[in-house]
Amino acid sequence: MNQQIDHLLNEDRRFAPSSQFSQDAVAGPELYDEAQADRLEFWAKQSRDLLHWHTPFTNVLDWTSPPFAKWFDDGELNVAYNCLDRHVEAGLGDRVALHFEGEPGDTRTITYAELTDEVKRLANVLEGFGVGRGDRVAIYLPMIPEAIASLLAVARLGAVHSVVFGGFSADSLRSRIDDAGAKVVITADGGYRKGKASALKVNVDQALADRGDGEQLTVEKVLVVRRTEQEVDWDGERDVWWHDVVPQASGEHEAQAFPSENPLFILYTSGTTGKPKGILHTSGGYLTQAAYTHRNVFDLHPETDVYWCTADIGWVTGHTYATYGPLANGATQVLYEGTPEFPEPGRWWDIIEKYGVTIFYTAPTAVRSFMKQGRDIPLQRDLSSLRLLGSVGEPINPEAWMWFREVIGSGITPIVDTWWQTETGAIMISALPGVTETKPGSAQVPLPGISIDVVDEKGEPVGNDAGGMLVVTEPWPSMLRGIWGDPDRFVETYWKMFADKGFYFAGDGARRDEDGDIWLLGRVDDVMNVSGHRLSTAEIESALVAHEATAEAAVVGANDETTGQAVVAFVILKESFLKTHTAEGLAEALRQWVGTQIGPIARPRDVYIVGELPKTRSGKIMRRLLRDVAEGREVGDTQTLADTAVMSVITKQVR
Ligand code: WTA
């Protein structure tokens, strides 16, 4: 199979950091040299500088039985102590850890001293429930401070958390609780979303109900936060209100040291097939890379910055960049419960203005939905506090990147486009904002200490100006340590493809440009083959979004008698264009546009104007479902969609 991916799009805009930014930047170019000189010593130094080790490590990496890595193996630490107590002991107890903003408008300001106190009490409560080292605790909560406290309290005990996104159903919750064998569930009566109180506890009740299948439930206690005050069913043996026990518990709790490789969390991520994979992360290596990347990529100055990562705690970004990274670094951050459009579309910009947010980390899907609504909404707010923007989750098209910089970043803020995965635990590819001359649409360079390549099917580097598969060629501290309960699947999924080279295969297609910079091209499974040319979804989507009428686009390859596959595009138009143009006229204009932008080979056979695109709850487009529509099949499994009704709407619009 030819894995070369053709390259079609050219981008020659460049943005160097201002000299002032570079001068003040946390990370300078010497980081690359240090990592180059001695990679393992580099990581050891980062770990010693950024973390407190109760027992210092002497081994850096044990890679004697790949792909099972051990980092800082003989060291001992407590993850929660690193995120809390040590800041208080250093006299920073009064620093704000969380500016919490609930969707209804309620707010709480929580200092490091207060958060430490809460976590100690909660740790005592959990210990009272019998939770100890290695036990699993499921967390099913909205984005409220108790969610962050829960992760930390579990970590403090050397136990393992498994966060299940609050938007998931009772069935998904049950299968995750069962797979992990959770002993305790922490939940809330409900949370606020789009102006309504959504229910959570009722899903936990359903997930834990006896289904008469003889399966033994592992859950002994359910701890419930009161958030919405809706009515809930109550099991007097099993259920405990948070407010009845946590404030009353002792505020004394000494953090014990645990081995570096003690498991920290399991996080389920959907595979292409079959049941979700429980990605396992451990303590010392994970926290090292979380802190290192958070500090250097986001140029964190903890004394003055106000940082905001919009990801939900249910995703890995919420773990690494709304919990462990920022707290390990003593950052002040914003935590927001709800959706960007409640009570009206400018809510996020109001929050930035209100708290003076300086560093803002979000997803391309959000940026494109703001583009669709138009720039007037953000321009009515004062966003001048922002000095750095970040993007994660999908390729960010150059036009969305430019809009982000111009409209949200006042035309001056650097943007870091960060590539990583649940499996990698922390950022792997990104610009360093005070060093790198950025290119719209490119994640660019592996971070110092990280070894990445783009290779062909034999594992040979494709070199510059060519496309192939993205691999990680050396173990890294925050790498996944396995799939919970399924070591074979771990090896099979990530390490088999390039077993003889020992490379980790990420599943993404990528390209190196003439400078060697890396451009992500989407999942390898989504690559199209048109008349023998392998085309990436990302490039054609970027071309479509570069048209002034387009807000968002998804491209798939559909079977075609003459060309093998044909390009089929689904496009959402900007609201302002819908009023003045017909869909048919614009569809044809967009076909021609792609033809002139990147060449006739990429010109879509069909362009469908739609109102929505099918997305997972973390905002990734599900192209598999669009392929079903494009090929006239019945649409497959829609369970993981954020909005399951969206496919029937799209199917109607297309037919
Ligand atoms: C995609 C999210 C392009 C990629 C942290 C990866 C990206 C998958 C980027 C992991 C980026 C993430 N540019 N693509 N900056 N960041 N991806 O596990 O396909 O939810 O494999 O982790 O998202 O998604 P996950």
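Residues numbered from 1 in each chain as written. Predicted model: local features only at pLDDT ≥ 70, side-chain atom pairs only at ≥ 80, totals over all residues. Heavy atoms only, no water.

Engineer: Let's hear about the overall build of the protein: which residues, and what values?
Structural biologist: The helix and strand inventory of the protein stands at 22 helices and 30 strands. The principal-axis extent of the C-alpha atoms belonging to the protein is close to 70 × 60 × 55 Å. Intrachain contacts of the protein at a sequence separation of at least 6 include 71% that bridge at least 24 residues. For the protein, the computed accessible surface area is about 24,400 Å², with 47% contributed by carbon and sulfur atoms. With 61 positive and 95 negative side-chain charges, the protein shows a separation of 3 Å between the mean positions of the two kinds. (Helix = DSSP H or I, 4+ residues; strand = E, 2+ residues; numbered from the N terminus. Contact = heavy atoms within 4.5 Å. Areas by Shrake-Rupley, 256 points an atom, 1.4 Å probe, with all protein chains shown as cover. Lys, Arg positive; Asp, Glu negative; His and termini not counted. Charge placed at Lys NZ, Arg CZ, Asp CG, Glu CD.)

Engineer: Outline the side chain of Asn-296, listing residues and values.
Structural biologist: For Asn-296, the position within the fold is in helix α11 (residues 284-297). A polar contact is formed between the side chain of Asn-296 and the backbone oxygen of Tyr-292, at a distance of 2.9 Å. (Polar contact = N/O pair within 3.5 Å; in protein donor to acceptor, adjacent residues only side chain to side chain.)

Engineer: With reference to specific residues and values, describe the site of the ligand.
Structural biologist: What surrounds the ligand is a group of 16 residues, the closest being Asp-417, Thr-418, Gln-421, Thr-422 and Asp-508. Here a nitrogen atom of the ligand and a backbone polar atom of Gly-393 are 3.1 Å apart. Contact between the ligand and Pro-395: a nitrogen atom at 3.4 Å from a main-chain N or O atom of the residue. Here the ligand has 530 Å² of accessible area as a free molecule, and 90% of this is covered by the chains. If you list the elements that add at least two residues to the shell around the ligand, you get α12 (316-328) and β25 (518-523). (Near = heavy atom within 4 Å.)

Engineer: Before we move on, can you summarise unusual backbone geometry with the specific residues and values?
Structural biologist: Pro-67 follows Pro-66 through a cis peptide bond whose omega is 5 degrees. Mapped onto the fold, Pro-67 is located in the loop between β1 (61-65) and β2 (68-71). Its identity is not glycine, yet Ser-410 carries a phi of approximately 50 degrees, on the positive side. Considering the arrangement of structural elements, one finds Ser-410 in the loop between α16 (398-408) and β20 (415-417).

Engineer: Outline the packing of aromatic side chains, supporting the account with residue identities and numerical values.
Structural biologist: As enumerated under the stated definition, the model contains 37 aromatic pairs in all. With 4.9 Å between their ring centres and 75 degrees between their planes, Trp-43 and Tyr-292 make a pair best called edge-to-face. In this pair, Trp-43 sits in helix α3 (residues 39-50) while Tyr-292 sits in helix α11, placing the two residues 249 residues apart along the sequence. By relative accessible area, which is 0% here, Trp-43 ends up buried. (Phe/Tyr/Trp six-rings, centres within 6.5 Å; stacked < 30°, edge-to-face > 60°. Buried < 20%, exposed > 50% of the residue type's maximum accessible area, 1.4 Å probe, protein only.)

Engineer: Could you give me a rundown of the sheet that holds β25, with the residues and numbers involved?
Structural biologist: Spatial strand order, β21-β22-β24-β25: four strands in an open sheet with antiparallel pairing. Every interior strand has two partners, whereas the edge strands, β21 (452-455) and β25, have only one. Between one strand and the next, the sheet's axes are offset by a mean angle of 45 degrees, whatever the strand orientation. When β21 meets strand β22 (residues 466-472), the two strands line up antiparallel, connected through four bridges. Its bridge partner lying in β22, Ile-452 is registered against Val-472. Of the strands in this sheet, β24 (504-512) and β25 are in contact with helix α18 (residues 537-545), which crosses β25 at around 100 degrees. (Pairing = 2+ DSSP bridges. Axes fitted to C-alpha atoms, helices over the stretch in contact; angles between N-to-C directions.)

Engineer: Go over the sheet that holds strand β5 (residues 107-111), please, and point to the residues and values.
Structural biologist: The strand order across the open sheet formed by seven strands is β5-β4-β17-β16-β18-β19-β20, and the pairing between neighbours is mixed. The open sheet terminates on both sides in strands that have one partner only, identified here as β5 and β20. If you compare each strand with its neighbour and ignore which way they point, the axes differ by 15 degrees on average. In this structure, strand β4 (residues 96-101) lies alongside strand β17 (residues 332-336), joined through four bridges in parallel fashion.

Engineer: I'd like a description of the pairing of strand β29 (residues 564-573), backed by residues and values.
Structural biologist: Counting buried positions along β29 gives nine out of ten residues, so the element sits mostly inside the fold. Once strand β28 (residues 550-560) ends, the chain turns through three residues before running back antiparallel as β29. The sheet contact formed by β29 and strand β30 (residues 606-609) spans four bridges and is parallel. Across the sheet, the residue bridging to Phe-570 is Tyr-608, located in β30.

Engineer: An account of the nonpolar core is needed here, citing residue identities and associated values.
Structural biologist: As a rule of thumb, soluble globular proteins bury nonpolar side chains together. In this structure, Leu-115, Leu-126, Phe-298, Tyr-324 and Leu-470 are the most contacted members of the largest nonpolar core, which totals 132 residues. Setting aside residues up to four positions removed in sequence, Leu-470 forms contacts with Trp-419, Ile-429, Ile-452, Asp-453, Val-454, Tyr-504, Phe-505, Ala-506, Asp-508, Ala-510, Ile-518 and Leu-520. The next biggest cluster of nonpolar side chains, apart from the first, holds 52 residues, and it includes Val-306, Trp-308, Leu-535 and Ile-540. (Core = buried A, V, L, I, M, F, W, Y, C linked by side-chain atoms within 4.5 Å.)

Engineer: An account of the side chain of Thr-537 is requested, with residue identities and associated values reported.
Structural biologist: Assignment of secondary structure puts Thr-537 in helix α18. Residues within four places of Thr-537 in sequence aside, it is in contact with Leu-521, Gly-522, Asp-526, Met-528, Val-555 and Arg-623.

Engineer: Could you give an account of the pattern of salt bridges, with specific residues and numbers?
Structural biologist: In the structure shown here, the tally under the stated rule is 41 salt bridges. In this structure, the salt-bridge partner of Arg-381 is Asp-350, at a minimum N-O distance of 2.7 Å. Highlighted residues: Arg-381 in the loop between α15 (376-379) and β19 (388-391) and Asp-350 in helix α13 (residues 347-355), separated in sequence by 31 residues. Judged by relative accessible area, which is 14%, Arg-381 ranks as buried. We note a salt bridge from Arg-627 to Asp-526, for which the minimum N-O separation is 3.5 Å. Of this pair, Arg-627 sits in helix α21 (residues 623-630) while Asp-526 sits in the loop between β25 and β26 (528-530), placing them 101 residues apart in sequence. Taken as a pair, Arg-627 and Asp-526 share a single burial class, namely buried. It is possible to trace a salt-bridge network through shared partners that takes in Lys-201, Asp-205, Arg-238 and Asp-239. (Salt bridge = Lys/Arg side-chain N within 4 Å of Asp/Glu carboxyl O.)

Engineer: Run through helix α9 (residues 201-208), naming residues and quoting values.
Structural biologist: Most of α9 is tucked away, with six of its eight residues classed as buried. Along α9, the residues that are buried comprise Lys-201, Asn-203, Val-204, Asp-205, Ala-207 and Leu-208. On its buried side, α9 packs onto β6 (136-140), α8 (170-180), β8 (184-188), β10 (196-199), β11 (221-225) and β12 (239-241).

Engineer: Any details on the packing of helix α5 (residues 85-92) against helix α6 (residues 112-128)? Residues and values, ideally.
Structural biologist: Two numbers describe how α5 lies on α6: the axes approach to 9 Å, and their chain directions differ by 145 degrees. As α5 packs across α6, the resulting crossing turns out to be left-handed. Touching Asp-85, His-87, Val-88 and Leu-92 of α5 are Tyr-112, Ala-113, Thr-116 and Lys-120, all from α6. (Left-handed = near helix turned anticlockwise from the far one by under 90°.)

Engineer: Outline the environment of Glu-541, supporting the account with residue identities and numerical values.
Structural biologist: Of note, Glu-541 is situated in helix α18. Relative accessible area serves as the criterion here: at 6%, Glu-541 is assigned to the buried category. Separated by 118 residues in sequence, Glu-541 and Glu-423 place their C-alpha atoms 26 Å apart. Apart from the residues lying within four places of it in its own chain, the contact partners of Glu-541 are Asn-397, Ala-553, Ala-554, Val-555 and Arg-623.

Engineer: Go over the pairing of β10 with me, naming the residues and quoting the values.
Structural biologist: Summarising the sheet, strand β9 (residues 190-193) and β10 pair through four bridges and their orientation is antiparallel. Its bridge partner lying in β10, Tyr-192 is registered against Ala-197. Between β9 and β10, which pair antiparallel one after the other, the connecting turn spans two residues, and Lys-194 there sits at a positive phi close to 50 degrees.

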